[in-house]
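Here is what each chain is made of, one letter per residue.
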Amino acid sequence: MSPAYGSSASTATPAHRLDVTTLKGVGPSMAERLQRLRIQTVQDLLFHLPSRYQDRTRITPIGALRPGDEVVVEGEVQGSEVKFGRRRMLLTHISDGSGGLTLRFFHFNSAQQQSLSPGTRLRCFGEVRSGVTSLEMVHPEFRRLAPGAAGSEAVVEEHLTPIYPTTEGLQMPGLRKLIDQALTLLQEGALALPDLIPTALLPSGMGRLRESLLSLHRPTPDIALSQLSEGGHPAQQRLAFEELLAHQLSLRLLRQRQRLHVAPALRAPGPLVAQLQARLPFALTGAQQRVLDEIRADLQQPTPMQRLVQGDVGCGKTIVAALAALQAVESGLQAAVMAPTELLAEQHYQSLRGWLEPLGLKVAWLTGRLTAKARREMLAAIESGTAVVAVGTHALFQQEATFRALGLVIVDEQHRFGVHQRLALREKGVQADGSHPHQLIMTATPIPRTLAMTAYADLDLSVIDELPPGRTPVETVAISDERRDEVVQRVAAACAEGRQAYWVCTLIEESESLQCQAAEESVVQLRQQLPQLRIGLIHGRMKGAQKEQAMNAFKQGELELLVATTVIEVGVDVPNASLMIIENAERLGLAQLHQLRGRVGRGSTKSSCVLMYHPPISQQARERLGVLRESNDGFVIARKDLELRGPGEVLGTRQTGMLQLRIADLQRDQALLAPVGVAAQRLLQEYPQQVTLLLERWLGERQRYGDV
Ligand code: ADP
Ligand code: MG
């Protein structure tokens, strides 16, 4: 264990235990303002890093200025003039021999005007812009220099000037003073901020935590601003490394704790599994078989499986889940399948019945909309164990469903569930004897492996990286809605060939009722334009039974065109549907568009997708549509999505608190993820006390999640 840093370490208070109110000038109202910046302790203050820096340490020759520079210049006033444009303004021209610069003031008084008389020497700080005739600074900070003082005042500031994120009622100077107090305490040794990561585990080039913090708050002038702004400075990397490490450790501990639980060790797959596999009209792909083998090995262990299966839309995750469920059934246990929407739950119910009923097994299904009687029957079947598999939305678990013997919980389309729900679920299935069910989590949001291992470090990961054979990529085009009529004709032509089509109405997701309204209007219009077609409608405001009816009619081929909202986004599977029109496609994110498009291209016919947009569209939206036109590969699209939106949004963990990073950036710091993984492993094995201290330092309160 490395010693606490500093000579007076024994009397020093750990920085994360020292409340900000112990600092001078921090009363209750200041504490509240600091709280808005998520600053509660002196350590939080130290970890409140500048969002950028200004360089006031050197004087730049005017001749070397470029627009956009934020710099200090020095020059002699050549002359001033008051101009009357739309507004009155004062223009002062200065020169330093290397070039000339105009200072533009909109607010000025005559005293100020007088003080800028020709020959006066000025030092100015501001942002350089290109003016009409020369470069200029608008309202620079400036001061007059005493005549002949150039040499003695040559050094402006000793350090780069940190610019911190501020909040209302707490401006930069006030915040700087508080941070200065904290830094002074740190330098005097009154604050303990020991190095908790043994040097051997740090990537080379990274220094001590204390020095890293000092240099980020007060960077020396030799540090390149560009390196700081990209987050690539070793001091920034040192902090990001430690933060990522702490998160990684908390997830790994969660997983270790999970391993202490007992789960029913399932038998190896027997005759039922073999029968189902023999009856399938297709052979499993190599990737499905490999992932299934991984699951089977886990299920035979006496500790609960915690496995995440990632696989692109349409890769065939459902059958893998069904075969896993059957393994539980063969061991005399039940399986529960959870879906994020009723529509998907309904569809899983149909698929599972189709596969399991011929084997003489009963599948139950539970949603919020069953009649009281049906519900009672389902619950009874689950409780008595006559139903071996139960399918439902998360209502299944929230309600008082009691399983006779639950052996496996399957969560489909995990990206729709938050991390908390996932953690909470683990507890729900605990049996009377204290044993935990196995858990299989499936997601169609494929994220790069290192990122997945960071975000889901508490799970084992399997990837289905192959689509069933015979699938042809969905041909995707983007068309302005000014050409809507052509698109309608395209639907007519496709349906005339016996194909089926989806017409998806999208609006901003928050407004479900508007979206439903749009779908209702579209269906009226399309029925007029395409009287020869049988057109159905499905949206979130319809009753469950109506939705089911529409979906079934479409599945049976009784409807040729299905007008829908994004309720069909996840999981819906109708292989004969081979054309999809998405209205207002520019409003949806990449992941959602990819999911939606995944509803077609499931059969052997060549499928197409028309992304209809309403011009004008933003550059970002144009880029998104371009990505979809060019690629059908979920991994490629996910990578692009990460670039465009950042991991917080993509993983959907922004609000969950699990990955609330203050310093590290999963995108920017990807290169750290692998060494973080290695360091986490070794810390857990060789330095367990350090692990506790790191978690306390970085997660504090939030460490609780680790106890779930
Ligand atoms: P997802 O991974 O998106 O959940 P599904 O499980 O809905 O995909 O499967 C998509 C379609 O592919 C279904 O119609 C399913 O029956 C079919 N399918 C699954 N596995 C195979 C396979 N190995 N060969 C052919 N078709 C398959
Ligand atoms: Mg699915």
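Participant: I'd like to hear about the overall build of the protein, residue by residue, with values.
Facilitator: In terms of regular secondary structure, the protein is built from 24 helices and 23 strands. The buried share of the protein, reckoned over its 708 residues, is 55%. By sequence separation, contacts in the protein at least 24 residues apart represent 75% of the contacts at least 6 residues apart.

Participant: Lay out the pairing of strand 5 (residues 100–105) with the relevant residues and their values.
Facilitator: Judged by how many residues are buried, strand 5 sits mostly within the fold: five of six residues are covered. Pairing analysis gives six bridges linking strand 4 (residues 88–95) to strand 5, with the strands arranged antiparallel. Looking at the pairing, S95 lines up with G100 of strand 5. The pairing of strand 5 with strand 7 (residues 135–138) spans three bridges and is classified as parallel.

Participant: Explain the site of ligand 1 to me, and be specific about the residues and the numbers.
Facilitator: The full set close to ligand 1 counts 16 residues, and Q288, G314, T318, R471 and D573 are the nearest of them. One of the backbone nitrogen or oxygen atoms of A283 is found 2.9 Å away from a nitrogen atom of ligand 1. Take K317: an N or O atom from its side chain is 2.8 Å from an oxygen atom of ligand 1. With the chains in place, 86% of the 560 Å² that ligand 1 exposes on its own is no longer accessible. Split by residue class, the shell around ligand 1 holds six nonpolar, five polar and five charged.

Participant: Lay out the pairing of strand 23 (residues 608–613) with the relevant residues and their values.
Facilitator: With six of six residues buried, strand 23 lies mostly within the body of the structure. Taking every second residue as pointing to the same face, both faces of strand 23 are buried, with S608, V610 and M612 on one and C609, L611 and Y613 on the other. Across six bridges, the pairing between strand 18 (residues 475–480) and strand 23 is parallel. Note on strand 23: the bridge partner recorded for S480 is Y613. Two elements, strand 22 (residues 577–582) and strand 23, share four bridges in a ladder whose sense is parallel.

Participant: Break down unusual backbone geometry for me, with residues and values.
Facilitator: Residue P615 is joined to P616 through a cis peptide bond whose omega torsion reads 0°. Take P616: it is sitting in the loop between strand 23 and helix 20 (619–630). Positive phi, normally seen in glycine, also occurs at H139, with a value near 45°. Mapping H139 onto the fold places it in the loop between strand 7 and strand 8 (141–145). At N584, a position not held by glycine, the phi torsion is positive, near 50°. Structurally, N584 can be placed in the loop between strand 22 and helix 19 (590–597).

Participant: Give me the packing of aromatic side chains: which residues, what numbers.
Facilitator: For the structure shown, the criterion picks out four aromatic pairs. Taking 4.6 Å as the distance between ring centres and 15° as the angle between the ring planes, the aromatic pair formed by F47 and W698 counts as stacked. Within this pair, whereas F47 is found in the loop between helix 2 (42–46) and strand 2 (52–54), its partner W698 is found in helix 24 (residues 688–698), the two being separated by 651 residues in sequence. The pair formed by F47 and W698 is uniform in burial state, with each residue classed as buried.

Participant: Tell me about the packing of helix 11 (residues 342–356) against helix 18 (residues 544–555), and please be specific about residues and values.
Facilitator: The contact between helix 11 and helix 18 brings their axes to 11 Å, and the two run at 50°. By the angle between their axes, helix 11 is oblique relative to helix 18. Every pair of crossing elements has a handedness; the one defined by helix 11 and helix 18 is right-handed. Where helix 11 abuts helix 18, its residues L343, E346 and Q347 lie against K547, E548, M551, N552 and K555. Among the residues forming the contact of helix 11 with helix 18, the class breakdown is two nonpolar, two polar and four charged.

Participant: Describe helix 24, listing the residues and the values that go with them.
Facilitator: Of all the positions in helix 24, only Q690, V691, L694, L695, R697 and W698 are classed as buried. Buried residues along helix 24 cover an arc of 160° about the axis, so they all sit on one side. Against helix 2, helix 5 (209–217), helix 7 (234–260) and helix 23 (670–686) lie the buried residues of helix 24. Just past helix 24, the residue G700 takes up positive phi, approximately 45°.

Participant: Can you explain the nonpolar core? Please cite residues and give values.
Facilitator: Membership of the largest hydrophobic core comes to 138 residues, with the highest contact counts inside it found for L34, L45, L245, L356 and V389. In terms of residue count, helix 10 (residues 317–330) provides more of this core than any other element does, 10 residues in total. When sequence neighbours within four positions are dropped, the list of residues in contact with L356 reads L276, L326, L361, V363 and V389. By size, the runner-up hydrophobic cluster in this structure holds 34 residues, among which are A550, M551, M580 and I637.

Participant: Talk me through the sheet that holds strand 14 (residues 387–392); I want residue IDs and the actual numbers.
Facilitator: Spatially, seven strands are ordered 13-14-12-15-16-11-17 in an open sheet, and the strand pairing comes out parallel. Each of the sheet's edge strands pairs with one partner strand only, and the pair in question is strand 13 (362–366) and strand 17 (460–464). Across the sheet, the axes of successive neighbouring strands diverge by a mean angle of 20°, strand direction being ignored. Relative to strand 16 (residues 438–443), strand 15 (residues 406–411) runs parallel, the two sharing four bridges. Following the sheet pairing, V411 is matched in strand 16 by I441. Sheet contacts for helix 11: strand 12 (334–338), strand 13 and strand 14; angle to strand 13, the most-contacted strand, approximately 175°.

Calculation criteria
Residues numbered from 1 in each chain as written. Chains lettered and ligands numbered in written order. Predicted model: local features only at pLDDT ≥ 70, side-chain atom pairs only at ≥ 80, totals over all residues. Heavy atoms only, no water. Helix = DSSP H or I, 4+ residues; strand = E, 2+ residues; numbered from the N terminus. Buried < 20%, exposed > 50% of the residue type's maximum accessible area, 1.4 Å probe, protein only. Contact = heavy atoms within 4.5 Å. Pairing = 2+ DSSP bridges. Near = heavy atom within 4 Å. Polar contact = N/O pair within 3.5 Å; in protein donor to acceptor, adjacent residues only side chain to side chain. Areas by Shrake-Rupley, 256 points an atom, 1.4 Å probe, with all protein chains shown as cover. Nonpolar A, V, L, I, M, F, W, Y, C, P; charged D, E, K, R; others polar. Phe/Tyr/Trp six-rings, centres within 6.5 Å; stacked < 30°, edge-to-face > 60°. Axes fitted to C-alpha atoms, helices over the stretch in contact; angles between N-to-C directions. Parallel < 35°, antiparallel > 145°, perpendicular 65-115°, else oblique. Left-handed = near helix turned anticlockwise from the far one by under 90°. Arc of directions from axis to C-beta. Core = buried A, V, L, I, M, F, W, Y, C linked by side-chain atoms within 4.5 Å.

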